[in-house]
Amino acid sequence: MSTETGNARGFDLGVQGMTCASCVARVERVLGRVPGVRSVSVNLATERARVEASEGLELGALLDAVGKAGFEPVVQDLDLTVEGMTCASCVGRVERVLARQPGVISASVNLATGKARLRTLPGVAEPQALIRAVEKAGFGAVLETDETEPGGPSPAERELQQLRIAKRVALLLTVPLVMIAMGPMMIPPLAEVMHRLLPPAGWRWVEAVLATPVLFWAGARFFRHGWPALRRLNPDMNSLVMLGASSAWLYSMLVLLAPGLFPEAARGVYFEAVGVIVTLILVGRYFELRVRGRASDAIRQLLALQVREARVRREGGLVSVPLEALQPGDVVVVRPGERIPVDGEVLDGGSYVDESMVTGEPVPVEKGVGASVVGGTVNGSGSFSFRATGIGEDSVLGRIVHMVEEAQASKPPIQALVDRIAGVVVWGAIAIALVAALIWFAVGPGPHYALVTAASVLLIACPCAMGLATPMAIMVGSGRGARQGILFRRGAAFQAIAGVDTVVVDKTGTLTEGRPALTEFERHGGWSQDALAPLVAALESRSEHPVAEAIVRGLDDPGERVVEGFTAHAGLGVEGRVEGRHLQVGADRYMSRSGLDLSPFADRARALADRGRTPLYVAVDGELVALLAVADPVKSGSPEAVRALKALGLRVVMITGDNRRTAEAVARETGIEEVIAEVMPEDKAREVGALQAAGHSVVFVGDGINDAPALARADVGMAIGTGTDIAIEAGEVVLMSGDLRGVAAGIRLARRTFRTIRQNLFWAFFYNITLMPVAAGLLYPAFGLLLSPMMAAAAMSLSSILVVSNSLRLRRARLGGPLEV
């Protein structure tokens, strides 16, 4: 709720995490210290703070204050679909209008997606008030959740349909209009035929009749959006087209109605120019929207993976229920070849599942009892049942879609600069058009030249290409990454990654598998592996130590034998009797203390230790019989990933809490030269900061758990996911697969995307900077070259289509590595 009195306003701010009166007092103190706050009253029962503040209060300062005090402010994210935006200046105007509304903390508008993402205070920012504010600015808006009736067209589809009709009407009228105006010059016999039918003055009236509906009906969108913008002194692309085309129409109508006002040389009409201008821009806009629609294919393809029904066990039988009716805990049955409806945990049965839509890896993954399955993935030839655990937005697929939408809706720093420049370009175009018109009117061959140059400048200066340059590339790039299991959570990551020179990689769980594994089993004496392995597995199965679990898992034996007298010696080893034999398994210190001679394995044990393995020995009845080695094995793709990162010109540094000997062994195996070892998890962020202080731009790659501070501290945090645990908030990029090769693919994609952004911006700025002076007539004195309004309209439409098409090339970008699709 919000109230206003004089130049003060009051509103309620939700605060979570308060538990007692001291919490209330602390919240009141921190809020009271925020500049602009006049009074604060906090209610513990309702978890709300009533704030009375001046009009100029920054809401973000309130939220920061609550967060720093250790509590969580309640905010709400709203998405509006905005109709009618055509250029970067439209984006800026909608953002400014929304940012001024009560309760709006931040507003980010994306031209490519046609969406406005708002961070608001619930109960203060009213969605209907926001919609009315956008409509008052000359645009249409609907809440994203209310965009369409079931089965109805989306706003984008409606706009495309309206454009299709307007384009067809404009073409239908403009073709005969051009033939009437230009036909006699191109086809001399036609002039004689037309003269017999009507005198020249009559044909001019026919041109007027054809051009008027083209401008005012087919081109009504330019007036509908352009006039409110101009009236509020925020002109946009629509304003420029409106001014350019309507001035040509008005001039022509004056010539037609009152020819005596003009000298003989200036009595030409420009109705065909009006028709061609409007038609070209409508055609260009139509194809631009069609091509832009292809950029959001990634989201549509992901949503298409959702099945409509699930087969659920209910009351002893199987029933098909709509996905919306599925509840966590329901038991779902999946048959061969079916798509898995939701996330869950396998209860019985088994199969191989194609998870390429999640991880980007084409090899099917075996699923047995206890394994996690992901909604949208495809079952192989087996059958199984599973318990539903993640449905809708709580599923992996739902979170992937949310992350991609977040990236597409956000802006890198370069786009904020472009949006500001676009506003200047529009005013600059109007100023240049006025100056050019005055000069041509004063010194030109005829007054109509003033109209031609002014209209051409206004039409060619539209900043459509500027507004699309960045969001289109990010939209396509983030979709391309999603198909490979590389999720960019923020658009700013594309720009940040483009400038990095150092990759810091966590060892455990990133370069390595993250859990111990048995790597060697070498025997000495007369025991065979088949005879010895079951005894060792039985003994180790009694221990809960991770190394013991790795041995049992590596020997692949259930170890279901009777073990007597089991004893664990902390930090040394274990012993006991198995099938009448006295078994000991442990480190060298344990064996030496037991009086055993380790010399048969001495050289081999040293070699294993140098490779980062932990040697363990097996003795039976006081005789040394085997050497085991346990290690956290390097992932199969890690050496290739390091080579790929180096090939990109990046410095690769490994960071770990392990001892230096083990760390350097892993570094040698993976090809890393620089190692920062024996670092506590909380100190990793400090090491990243030290690299940054030395002038390096750093990507940190970690598992997103203990590494969260370092992920947040780095210029870009890349969190390694597992496919079913992707809600990693610290990283700006999430790699769904645990394969480190995705890091190089992600960096290649980010660099390629940012290079596309630069190409787009270069073209957009080059186009405006070069052609505006040409349109103003700068080349006329020397070369007699003057750009017509029709050519200016064609060039303006072409510039947007080129920017969009260049961005779409990212869909076919080859990123290399095993994740290539």
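These figures come from a predicted structure and were not determined experimentally.

Before going further, it helps to spend a moment on a nonpolar patch on the surface. Taken together, the side chains of Leu 171, Val 175, Met 179, Met 186 and Ile 187 present a nonpolar region at the surface, about 450 Å² in accessible area. Here Leu 171 is to be found in helix α5 (residues 155–186).

Another aspect to go through is helix α7 (residues 200–218). Taking 1.5 Å of rise per residue, 19 residues should cover 27 Å, and α7 covers 26 Å from first to last C-alpha, within 8% of that figure. Regarding α7, the residues found buried are Gly 202, Trp 203, Glu 207, Ala 208, Leu 210, Ala 211, Val 214, Leu 215 and Ala 218.

Now for the packing of aromatic side chains. Summed over the entire model, instances satisfying the criterion amount to six aromatic pairs. Aromatic pair Phe 216 and Trp 249: ring centres 5.0 Å apart, planes at 85°, arrangement edge-to-face. A residue pair is termed long-range when its members are at least 10 positions apart, and Phe 216 in helix α7 and Trp 249 in helix α9 (residues 237–257) qualify at 33 residues. Residue class for Trp 249 comes out buried when judged on its relative accessible area of 16%. Taken together, a centroid distance of 6.2 Å and an interplanar angle of 50° make the contact between Phe 384 and Phe 386 tilted. Residue Phe 384 shares its accessibility class with Phe 386, and that shared class is buried. Ring-pair connections join several aromatic residues into one group, and the members of that group are Phe 216, Phe 223 and Trp 249.

Another aspect to go through is the UniProt feature "transmembrane region" (unreviewed entry) in the protein. Residues annotated by UniProt as "transmembrane region" (unreviewed entry) correspond here to residues 169–191, 203–220, 240–262, 268–287, 421–443, 449–474, 761–780 and 786–804. Between the C-alpha atoms that bound residues 203–220 the distance is 25 Å, and the span itself is 94% helix and 0% strand. Taken end to end, residues 761–780 is 80% helix and 0% strand, and its two terminal C-alpha atoms sit 28 Å from one another.

Backbone geometry at Glu 579 places phi at a positive 50°, although glycine is not the residue there. Turning to its location among the elements, Glu 579 is positioned in the loop between β22 (573–578) and β23 (581–586). One non-glycine residue, Asp 621, lies in positive phi territory at about 55°. Locating Asp 621 in the fold gives a position in the loop between β24 (614–620) and β25 (623–631).

Basis of the calculations
Residues numbered from 1 in each chain as written. Predicted model: local features only at pLDDT ≥ 70, side-chain atom pairs only at ≥ 80, totals over all residues. Heavy atoms only, no water. Patch = residues over 30% accessible without salt bridge, like charges linked within 9 Å, V, L, I, M, F, W, Y side chains within 5 Å. Areas by Shrake-Rupley, 256 points an atom, 1.4 Å probe, with all protein chains shown as cover. Salt bridge = Lys/Arg side-chain N within 4 Å of Asp/Glu carboxyl O. Helix = DSSP H or I, 4+ residues; strand = E, 2+ residues; numbered from the N terminus. Expected span 1.5 Å × (residues − 1). Buried < 20%, exposed > 50% of the residue type's maximum accessible area, 1.4 Å probe, protein only. Phe/Tyr/Trp six-rings, centres within 6.5 Å; stacked < 30°, edge-to-face > 60°. UniProt positions renumbered as here; feature names shortened; annotations may be inferred.

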